[in-house]
Amino acid sequence: MPNLTVSGVRTTIVDLPIVRPHRFAHHSIDTQSYLLVEVVTDAGITGVGEGVSPGGPWWSGESIEGQKDIIDRYLAPALVGGDAEDLTGLRRQWDKIAFGNLFAKAALETALLDAVGQVYGVSLATLLGGATRATLPVRWPLSGAGTAQALEEAVDRVALGHKSIKFKMGALAPADDLRRVAELAEKVGSDVDYLGDPNGTWDLRTASWAIRELEAIGFSAVEQPVPRRDLRGLGELREAANRIDIMADESVCVPADALDAVGRRACDSVAVKPGKAGGLRAARLVTDVLDTAGIGTYGGTAIEGPIGTAASAQLFATFPRLAHGCELVGPLLLSDTVTAEPLSYADGELIVPTGPGVGVRLDQDKVGRYRRRDRG
Ligand code: MN
């Protein structure tokens, strides 16, 4: 039996340059930071995970710096000497030590699963129930402002094989935003599938008319139209909608949220993300609860880097059904990587890595190059 006793945990913040500024509802970024978490075992195998926050703490409340601190100071000391295969036991321990901190715990759990996968020579998809597909269709997210540049980018991406686009919305006044996406969708064409995501910035009344407008211009889904706590509002929008799917993102993070969404018939689909769920195994549970109730599961993103994208891809590859595709574009937004091999994309699809564990390995020279030096 391999000895997967944890002998140490290493955390490294890297700041990777991105190819163009990415605009969210209230926020814009030009570098993306990641926390690389390496779990070293007595067997000599090192598992890797990645902590992420999409351009800062605005989405989840967790920052990269905070994730590093909670792991270094509180979670790692409890992990050293433990058995990397005892995922349930370790998890219970972390939850006693720190409430929440879901993205940090997800990063640590991915590192453990990666070590386990390497020891047994199997991918995380195998550990998570087995892959049902080898590639994942990738929806291209367009920045929340600007028309000319967004049009150029959309046309380029469709030419590269992406068949679906997501409009980040909410940065403009709703009427202007609606005009902008209608104009873009008309120019890009009707062969492409469209989704809008205002990150919960609309109130219920605005959302009601905006969704009718989006439906009229042929959008297939709207993601998190109302604030995250308004599950009831989501459910009302879903009742009123005709063909357009109401997708939850911020409203449905952990398995208990999935149960609530099912109970309230709050949505047609959910953007599943390992980080917000607190790890790959919790995200697996979220997926199974939703799928059992006939709610679609979409492969969401928090703009993970190469490690996080590979880990998410391993999970999404196991989905019984993949509603609206996935959004694993992180590596395509970065102008460099920290892995030995880049993730491969072809015809608008991400090729799920097939190697053991997460399926990609760190390039320590690259890690050294992008490592944050001032504080981490
Ligand atoms: Mn979203």
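Small disclaimer: the values here were computed from a predicted structure and weren't measured.

How each quantity is defined
Residues numbered from 1 in each chain as written. Predicted model: local features only at pLDDT ≥ 70, side-chain atom pairs only at ≥ 80, totals over all residues. Heavy atoms only, no water. Helix = DSSP H or I, 4+ residues; strand = E, 2+ residues; numbered from the N terminus. Rg over C-alpha atoms; globule rule 2.2 N^0.38 Å. Buried < 20%, exposed > 50% of the residue type's maximum accessible area, 1.4 Å probe, protein only. Contact = heavy atoms within 4.5 Å. Areas by Shrake-Rupley, 256 points an atom, 1.4 Å probe, with all protein chains shown as cover. Lys, Arg positive; Asp, Glu negative; His and termini not counted. Charge placed at Lys NZ, Arg CZ, Asp CG, Glu CD. Donors = N, O, S within 2.8 Å, 3.2 Å for Na, K, Ca; no water. Phe/Tyr/Trp six-rings, centres within 6.5 Å; stacked < 30°, edge-to-face > 60°. Core = buried A, V, L, I, M, F, W, Y, C linked by side-chain atoms within 4.5 Å. Domains from an automatic or database assignment. Pairing = 2+ DSSP bridges. Right-handed = clockwise from strand over helix to strand, strands pointing away.

A. Seen up close, the overall build of the protein chain. For the protein chain, the helix and strand inventory stands at 14 helices and 13 strands. Taken against the 2.2 N^0.38 rule, which gives 21 Å for 376 residues, the C-alpha radius of gyration of the protein chain at 20 Å falls within 12% of a compact globule. Expressed as lengths along the three principal axes of its C-alpha atoms, the size of the protein chain is roughly 60 × 45 × 35 Å. For the protein chain, the residues scored as buried account for 58% of the 376 residues in total. Sequence-distant contacts, at least 24 apart, represent 74% of the contacts inside the protein chain between residues at least 6 apart. Total accessible area on the protein chain is roughly 14,800 Å²; 50% of this is exposed by carbon and sulfur atoms. Across the protein chain, the mean location of the 39 positive side-chain charges is 3 Å away from that of the 49 negative side-chain charges.

B. View of the coordination of the manganese ion. Bound to the manganese ion on the protein side are Asp197 (OD), Glu223 (OE) and Asp249 (OD), at distances that span 2.1 to 2.4 Å. Ordering the donors of the manganese ion by residue number gives the pattern D-x25-E-x25-D. One end of the pair, Asp197, is in strand β7 (residues 193-197); the other, Asp249, is in the loop between β9 (245-248) and α9 (255-263), with 52 residues separating them in the sequence. Asp249 carries the same exposure label as Asp197, and that label is buried.

C. Molecular detail of the packing of aromatic side chains. Across all of its chains, the model carries 5 aromatic pairs by this definition. Ring centres 6.4 Å apart and planes at 75° place the aromatic pair Trp59 and Phe103 in the edge-to-face group. Of the two residues, Trp59 is situated in the loop between β3 (46-52) and α1 (64-79) and Phe103 in helix α3 (residues 102-120); the sequence distance between them amounts to 44 residues. Just as Trp59 is buried, Phe103 falls in that class too.

D. Looking closely at the nonpolar core. Within the largest apolar cluster, 107 residues are counted, with the highest numbers of intra-cluster contacts made by Ile71, Leu112, Leu136, Ile165, Phe167 and Leu214. Residue contributions to this core peak at 8 residues, all from α3. Built from parts of two domains, this core gets at least three residues from each of domain 1 (6-121 + 362-370) and domain 2 (126-351). When sequence neighbours within four positions are dropped, the list of residues in contact with Leu112 reads Val6, Val39, Leu79, Ala84, Leu87, Leu90 and Trp94. Formed by 5 residues, the second largest nonpolar core is a distinct cluster that contains Ala221, Met247, Ala271 and Tyr298.

E. View of the pairing of strand β6 (residues 164-168). With 5 of its 5 residues buried, β6 lies for the most part within the structure. Burial along β6 is two-sided: Ser164, Lys166 and Lys168 and Ile165 and Phe167, pointing in opposite directions, are all buried. Examined bridge by bridge, strand β5 (residues 140-142) and β6 share 3 bridges and lie parallel to one another. Directly across from Leu142, in β6, lies its bridge partner Phe167. Each parallel crossover has a hand, and the one from β5 via helix α5 (residues 148-159) to β6 is right-handed. The parallel pair β6 and β7, bridged by helix α6 (residues 174-188), forms a crossover whose chirality is right-handed.

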